Amino acid sequence: MRTHRTRTPKPDMVAAGIGAENISGFLALPSGGGRHGGVVALHEWWGLNDWVKMQATNLAANGYVVIAVDFYQGTVTYNPSEARKLKRALPDDRAIRDMKAAFHYLATRPDVDPKHIGSIGWSMGGGFAIQLAIHEARLAACVVNYGALPTDLVDVKRINAQVLVNCGARDRGILPSKVRAFETLMKAAGQSADIKIYSGAGHAFENPGSSGYRPEAAADEWRRTLAFFAQTIKFKKRKVACDGMRREKRVAT
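Since we're looking at a predicted model, the values are computed, not measured.

Engineer: Just checking my understanding: could you explain the pairing of strand 6 (residues 141-145) for this structure?
Structural biologist: The side chains of a regular strand alternate between the sheet's two faces. A large share of strand 6 lies buried, amounting to five of its five residues. Here strand 6 shows no split at all, with Ala141, Val143 and Asn145 on one side and Cys142 and Val144 on the other all buried. As judged from the five bridges shared by strand 5 (residues 112-122) and strand 6, these two strands associate in the parallel manner. Among the inter-strand pairings, serine 119 is bridged to a residue of strand 6, identified as cysteine 142. Where strand 6 and strand 7 (residues 162-168) come together, five bridges link them in parallel fashion. Opposite valine 144, over in strand 7, you have valine 165 as the bridge partner.

In structure tokens form, the structure reads like this:
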């Protein structure tokens, strides 16, 4: 059975910016030198809480430079009414600017290959993850976990990233019918998405703090995510021959 690392790298809060746009985020770094794939992680409507930071940390432990964007600039809540207010107060255009600034931050780091950057999000952040794919043509991969999906073919045609979608069959917000409609749009645009709808799972099934938490589905989603990122944005080592000698070379896949 294959295992995945959950080592704790040294993470921290960082400031990033592009032009006049400044953001803050939680940075998690992998061990080892060289270049890595990068990931923009996007939180639920609760804010950038410890659970999201742990997801970023675990991704970093598997070889990625991860920045988890703080859309609420330090505010975290566990009250649904307050979370709803915070989400409504976040304009979509500002969220897109924040995500693009985070992408730019990763793309200009010397330890990140700018051609191998992906996005991942949960719930509100899942919807934003694919919005980044729409608005950032250089994004290579996108993981949407029970997030709102685009319904306009024009938007879908702008997606260059490979897409992975995980959602629950009992989700009353992200209905399976909407997920299948998105799949149809992707096919109409000449693209495809790797979609899995988990039987018996509802919304937020990955988060242990949610009443809808489903550990088996969450574990499978994590395996799918790591396999997907390994195929799309992770650096791998292979042996190459050079002047009759076998040497290691880091290559992107």
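Engineer: Would you mind going over the pattern of salt bridges with me for this structure?
Structural biologist: Oppositely charged side chains can form a pair if their charged atoms are brought close together. Under the criterion given, the structure shown has nine salt bridges. Salt-bridge contacts for glutamate 136 lead to arginine 138; the nearest nitrogen and oxygen are separated by 2.9 Å. A salt bridge links lysine 196 to aspartate 220, with the shortest nitrogen-to-oxygen separation between them at 2.9 Å. With lysine 196 in strand 8 (residues 193-198) and aspartate 220 in helix 7 (residues 215-232), this residue pair connects regions lying 24 residues apart in the sequence. Taken together, the shared-partner salt bridges in this structure form one network comprising Lys100, Glu136 and Arg138.

Engineer: Please clarify how the packing of aromatic side chains should be interpreted in this entry.
Structural biologist: Any pair of aromatic rings gets described here by the distance separating the centres and the angle formed by the planes. Going through the model one piece at a time under the given rule, you end up with seven aromatic pairs. With a centroid separation of 5.7 Å and an interplanar angle of 70 degrees, the aromatic rings of tryptophan 45 and tryptophan 46 are classed as edge-to-face. Both rings, one in tyrosine 64 and one in phenylalanine 229, keep their centres 5.8 Å apart while their planes meet at 55 degrees; by these two values the pair is tilted. Of the two residues, tyrosine 64 is situated in strand 4 (residues 64-69) and phenylalanine 229 in helix 7; the sequence distance between them amounts to 165 residues. Put simply, the rings of Tyr64, Phe228 and Phe229 touch in pairs and so form one group of aromatic residues.

What counts, and at which threshold
Residues numbered from 1 in each chain as written. Predicted model: local features only at pLDDT ≥ 70, side-chain atom pairs only at ≥ 80, totals over all residues. Heavy atoms only, no water. Buried < 20%, exposed > 50% of the residue type's maximum accessible area, 1.4 Å probe, protein only. Helix = DSSP H or I, 4+ residues; strand = E, 2+ residues; numbered from the N terminus. Pairing = 2+ DSSP bridges. Salt bridge = Lys/Arg side-chain N within 4 Å of Asp/Glu carboxyl O. Phe/Tyr/Trp six-rings, centres within 6.5 Å; stacked < 30°, edge-to-face > 60°.

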